[in-house]
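The residues making up each chain are set out below.
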Amino acid sequence: MDHTEKKFYLVREDVLSEAMKKTIEAKDLLERGKAESIGEAVQKVDLSRSAFYKYRDTVFSFSAVTKERIISLFFHLEDRSGTLSKLLSVVALSGCNILTIHQTIPLQGRANVTLSLNTSGMTNDIDDLLSELRKLEFVEKVEVLGTGA
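Conventions adopted
Starting afresh in each chain, residues are numbered from 1 along the sequence in its written order. Thresholds applied to this predicted model are a pLDDT of at least 70 for local features of residues and 80 or more for the giving and counting of side-chain atom pairs; totals over whole chains, interfaces and linings are not thresholded and use all residues. As a convention, hydrogens and water are excluded, and side-chain values are obtained from all of the structure's heavy atoms. Every case where a carboxyl oxygen of Asp or Glu lies within 4 Å of a side-chain nitrogen of Lys or Arg is listed as a salt bridge. Numbering of helices and strands runs from the N terminus, with a helix taken as a DSSP run of H or I at least four residues long and a strand as a DSSP run of E at least two residues long. The cut-offs for exposure are 20% and 50% of the maximum accessible area for each residue type, with area from a 1.4 Å probe on protein chains only; residues under the lower value are buried, those over the upper are exposed, and the others partly exposed. Every axis corresponds to a line fitted to the C-alpha atoms, with the helix fit spanning only the stretch in contact, and the corresponding angles, defined between N-to-C directions, vary from 0 to 180 degrees. Convention used here: angles under 35 degrees read as roughly parallel, angles over 145 as roughly antiparallel, angles from 65 to 115 as roughly perpendicular, and any remaining angle as oblique. In this scheme the handedness of a crossing depends on how the near helix is turned from the far one: anticlockwise by less than a right angle means left-handed, clockwise means right-handed. Whether two residues are in contact is decided by their heavy atoms: any pair within 4.5 Å suffices. Amino acid classes used here: Ala, Val, Leu, Ile, Met, Phe, Trp, Tyr, Cys and Pro are nonpolar; Asp, Glu, Lys and Arg are charged; the rest, including Gly, are polar. The patches described consist of residues with a relative accessible area above 30% and no salt bridge, like charges being joined within 9 Å and nonpolar side chains (Val, Leu, Ile, Met, Phe, Trp, Tyr) within 5 Å. Surface accessibility follows the Shrake-Rupley procedure with a 1.4 Å probe radius. Residue values consider only the protein chains on display as shielding. As used here, the arc belongs to the directions running from the helix axis to the C-beta atoms. Pairing of aromatic rings covers Phe, Tyr and Trp, the last through its six-membered ring, and needs centres within 6.5 Å; plane angles under 30 degrees mean stacked, over 60 mean edge-to-face, and all others mean tilted.

*Asks:* Hey, could you go over the pattern of salt bridges for me, with residue numbers and the actual values?
*Replies:* A side chain of one charge can pair with a side chain of the opposite charge if their charged atoms are brought near each other. Scanning the model with the defined rule gives 10 salt bridges in all. Among the salt bridges present, the one from Arg 110 reaches Glu 140, with a minimum N-O distance of 2.7 Å. Taken together, the residues Arg 110 in strand β3 (residues 110-118) and Glu 140 in strand β4 (residues 139-148) connect sequence positions 30 residues apart. On the basis of relative accessibility, which here comes to 33%, the residue Arg 110 falls in the partly exposed class. Bridged by salt links that share partners, the residues Glu 78, Arg 80 and Glu 137 form one connected network.

*Asks:* Please give an account of the environment of Ser 37 that cites residues and values.
*Replies:* Within the secondary structure layout, Ser 37 lies in the loop between α1 (18-31) and α2 (38-45). Spatially, the C-alpha atom of Ser 37 lies 18 Å from that of Lys 21, the residues being 16 residues apart in sequence.

*Asks:* Tell me about the packing of helix α5 (residues 83-93) against helix α6 (residues 126-135), and please be specific about residues and values.
*Replies:* For the pair α5 and α6, interaxial distance at closest approach is 10 Å and the crossing angle is 160°. Put simply, α5 runs roughly antiparallel to α6. With respect to the hand of their crossing, α5 and α6 are arranged in right-handed fashion. On the side of α5, the interface is formed by Leu 87, Val 90 and Val 91, while α6 contributes Leu 129, Glu 132 and Leu 133. Residue composition of the contact of α5 with α6, by class: five nonpolar, no polar and one charged.

*Asks:* An account of a nonpolar patch on the surface is requested, with residue identities and associated values reported.
*Replies:* Residues Tyr 9, Val 11 and Val 15 make up a contiguous nonpolar surface patch of roughly 350 Å² in combined accessible area. Mapped onto the elements of the fold, Val 15 is located in the segment before α1.

*Asks:* Which residues make up the side chain of Thr 23, and what values go with them?
*Replies:* Structurally, Thr 23 can be placed in helix α1. With near-sequence residues (within four places) excluded, Thr 23 lies in contact with Leu 47, Ala 51, Phe 52, Tyr 55, Arg 56 and Val 59.

*Asks:* Explain α2 to me, using residue names and the numbers behind them.
*Replies:* Within α2 the residues assigned to the buried category are Ala 41, Val 42 and Val 45. Burial along α2 is one-sided: seen end-on, the buried residues are contained in an arc of 95°. Where the residues of α2 are buried, they touch α1 and α3 (49-55). Positioned one or two residues after α2, Asp 46 has a phi angle of 60°, which is positive.

*Asks:* How would you summarise the packing of α1 against α2 if you had to cite specific residues and measurements?
*Replies:* Between α1 and α2, the shortest axis-to-axis distance is 9 Å and the interhelical angle comes to 130°. In terms of orientation, α1 and α2 fall into the oblique class. In the crossing of α1 with α2, the sense of the turn from one axis to the other is right-handed. Contacts from Lys 22, Glu 25, Ala 26, Leu 29 and Leu 30 of α1 reach α2 at Ile 38, Ala 41, Val 42, Lys 44 and Val 45. Taken together, the residues that form the contact of α1 with α2 break down as seven nonpolar, no polar and three charged.

*Asks:* Explain the packing of aromatic side chains to me, and be specific about the residues and the numbers.
*Replies:* One pass over the full model with this rule turns up one aromatic pair. Relative to Tyr 53, the ring of Phe 52 has its centre 5.7 Å away and its plane inclined at 80°; by these criteria the two rings are edge-to-face. Looking at Tyr 53, the relative accessible area reads 37%, which means it is partly exposed.

Here it is in structure tokens:
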């Protein structure tokens, strides 16, 4: 592999170092206008400036990576009248544009649905959407299958 090529991995938050997590928090404060400078941001999250500069171009929140991108979500749903409509409504209200829908034939009262979404118009971040979708009484499981350009 050429040294200019970079590989990226999606990792769970609990395996990141504290400095990496705090760097993401500081970047989020700056992006949302909750801190006016890097100095202010690192002070708010209790991080050294050197650690921030070390990680700022190497760690990214999942929501930052999925902005202006396509994400595919897999759902395991109870087969009840109106469930797909309610699911699509929550997704649409989040500002996502639904690109594709694939639903399996319901078996034993359950159906699988895969949605491909353009997240560029989202008003909240993907974590908020996933949390809201998991709260729906008919949703048994939500998984992120992948992201892409």
